[in-house]
Amino acid sequence: MFGLGAKNIGIDLGTANTLVYVEGKGIVLSEPSVVAKNTQSGEIIAVGAEARDMIGRTPVNITAIRPMKDGVIADYDTTAAMLKYFMGKALGGNSHPYVMVCVPSGVTEVEKRAVIDAAKVAGARDAYVIEEPYAAAIGAGLPVMDPTGSMVVDIGGGTTDVATISLGGIVSSRSIRMAGDKIDEAITTYIRQHYNLLIGERTAEDIKIQIGSASLEEAKTLDGMTVRGRDLLSGLPKTVEIKATDIAHAMNEVVTGIIEAIKETLEETSPEIAADVIDHGIVLTGGGAMLKSLDKVISDETKVPVFIAQDPLDCVAVGTGESLKNIEAMKKH
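Residues numbered from 1 in each chain as written. Predicted model: local features only at pLDDT ≥ 70, side-chain atom pairs only at ≥ 80, totals over all residues. Heavy atoms only, no water.

## A word on the UniProt feature "binding site: ATP" (unreviewed entry) in the protein
Step number 1: Listed under "binding site: ATP" (unreviewed entry) in the UniProt record, and renumbered for this structure, are Thr 15, Ala 16, Asn 17, Gly 157, Gly 158, Thr 159, Glu 205, Asp 206, Ile 207 and Lys 208.
Step number 2: Within the secondary structure, Thr 159 is located in the loop between strand E11 (150–155) and strand E12 (160–166).
Step number 3: With a relative accessible area of 4%, Thr 159 lands in the buried category.
Step number 4: Discounting chain neighbours no more than four positions away, the residues touching Thr 159 are Asp 70, Gly 71, Pro 104, Glu 132, Asp 154, Ser 175, Ile 176, Arg 177, Met 178 and Ala 179.
Step number 5: Using a relative accessible area of 13% as the deciding quantity, one classes Lys 208 as buried.
Step number 6: There is a polar contact of 3.4 Å between the side chain of Lys 208 and the backbone oxygen of Gly 180. (UniProt positions renumbered as here; feature names shortened; annotations may be inferred. Helix = DSSP H or I, 4+ residues; strand = E, 2+ residues; numbered from the N terminus. Buried < 20%, exposed > 50% of the residue type's maximum accessible area, 1.4 Å probe, protein only. Contact = heavy atoms within 4.5 Å. Polar contact = N/O pair within 3.5 Å; in protein donor to acceptor, adjacent residues only side chain to side chain.)

Encoded structure:
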């Protein structure tokens, strides 16, 4: 087991999922960032996967919420309670670890402070933050300390973080609030407008995973999908057949937004780093990296090779965990 004081942990506090990395053990927990609470008493009923299963199915006095929105804390007390639960589950017992938490690259000092304070309230001895694209680059195995430029695009639930990295620092970056959640919202809106069908966020997520493609050409070759929801006209349950091309159209605006952020970040970089990126390619991490044909569409638009990292969902958590090795230096600041 661990020596005394060695239980430092890294947390990828995501809008959709939270992953916890324990030093010496790797990722020990990956659960949805959802909390179910009693609206009358304020009591926490369930956290994580158990709470996610309650979304859209709760009685009047219980609400299942996601306390993180667009990569930042939307509900401070609930986030602290969720962190406390996840840290306790990952470590067990009454340990007070040093914690490294991941934040999007565009967050303000106030938002960083909120994350640090929430981690301390949850039981951290002290907390530090690391920027998401930098953690993703470490987790993806990119040579972040070398005098060579790397580019990473981390597409999470709340934000897409784009950064070029060289010599241990971020050279240029963009953080946009267009990512997995916005794609789900776009699918929900499209189906409501074109099919008069109301669907829940879980259904939108399933549609995205099963028949969502960033390429309209590929979507034409995919089968459709049977979707159940509530008819907006009659108010009764209804089943419709949705085409993959419909979903490609629905997602187009978000995909275009991500590509624009990548282009803008490339335009800001020095010619030397741009040349390195052309040589080594762009690396995609995060759950959004798994969207069908997204790598191909980005490559076609930027004329740069694009690769999906191994285990894209885990990159940020692994990178956050790896950065714990430098926590001693941070303690001295």
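## Re the sheet that holds strand E3 (residues 26–32)
Step number 1: What the 5 strands build is an open sheet, ordered E3-E2-E1-E9-E10; its pairing is mixed. Of all strands in the sheet, those with a lone pairing partner are E3 and strand E10 (126–131), marking the two edges. Neighbour-to-neighbour, the strand axes of this sheet turn through a mean angle of 20°, independent of strand direction.
Step number 2: In this sheet, strand E2 (residues 17–22) lies alongside strand E1 (residues 9–13) in antiparallel orientation, the contact comprising 5 bridges. Bridge pairing in E2 places Ile 11 opposite Val 20.
Step number 3: Helix H11 (residues 315–322) rests against E1, E2, E3, strand E9 (98–103) and E10 of the sheet, and its axis sits at about 35° to E2. (Pairing = 2+ DSSP bridges. Axes fitted to C-alpha atoms, helices over the stretch in contact; angles between N-to-C directions.)

## Here we look at the sheet that holds strand E6 (residues 62–65)
Step number 1: The strand order E5-E4-E6 describes an open sheet built from 3 strands, whose pairing is antiparallel. On the outer flanks of this sheet lie strand E5 (44–47) and E6, each paired with one strand and no other. Taken pair by pair, the neighbouring strands of this sheet meet at an average axis angle of 20°, ignoring direction.
Step number 2: Along the sheet, helix H2 (residues 76–91) makes contact with strand E4 (35–38), E5 and E6, crossing E5 at roughly 55°.

## Concerning the packing of helix H5 (residues 180–195) against helix H6 (residues 201–211)
Step number 1: Viewed as axis vectors pointing N to C, H5 and H6 meet at an angle of 100°, and their least axial separation amounts to 9 Å. Classified by the angle between their axes, H5 and H6 sit roughly perpendicular to one another. Contacts between H5 and H6 involve Gly 180, Ile 183, Asp 184, Ile 187, Thr 188 and Ile 191 on the former and, on the latter, Ala 204, Glu 205, Ile 207 and Lys 208.
Step number 2: Class assignment for the residues of the contact of H5 with H6 results in 5 nonpolar, 2 polar and 3 charged. (Parallel < 35°, antiparallel > 145°, perpendicular 65-115°, else oblique. Nonpolar A, V, L, I, M, F, W, Y, C, P; charged D, E, K, R; others polar.)

## Some remarks on helix H3 (residues 109–121)
Step number 1: The first and last C-alpha atoms of H3 sit 18 Å apart over 13 residues, in line with the 18 Å expected at 1.5 Å per residue.
Step number 2: Every buried residue of H3 is accounted for by Lys 112, Val 115, Ile 116, Ala 118 and Ala 119. Down the axis of H3, the buried set is contained in an arc of 160°. They therefore lie on one face. The exposed set on the far side of H3, more than 90 degrees from its buried face, consists of Glu 109, Val 110 and Val 121.
Step number 3: Contacts made by the buried residues of H3 are with strand E8 (72–73), H2, E9 and E10.
Step number 4: Phi for Gly 123, located one or two positions after H3, is positive at around 115°. (Expected span 1.5 Å × (residues − 1). Arc of directions from axis to C-beta.)

## A few points about the environment of Glu 217
Step number 1: Tracing the sequence through the fold places Glu 217 in helix H7 (residues 216–219).
Step number 2: By relative accessible area, which is 54% here, Glu 217 ends up exposed.
Step number 3: Separated by 28 residues in sequence, Glu 217 and Thr 245 place their C-alpha atoms 8.4 Å apart.

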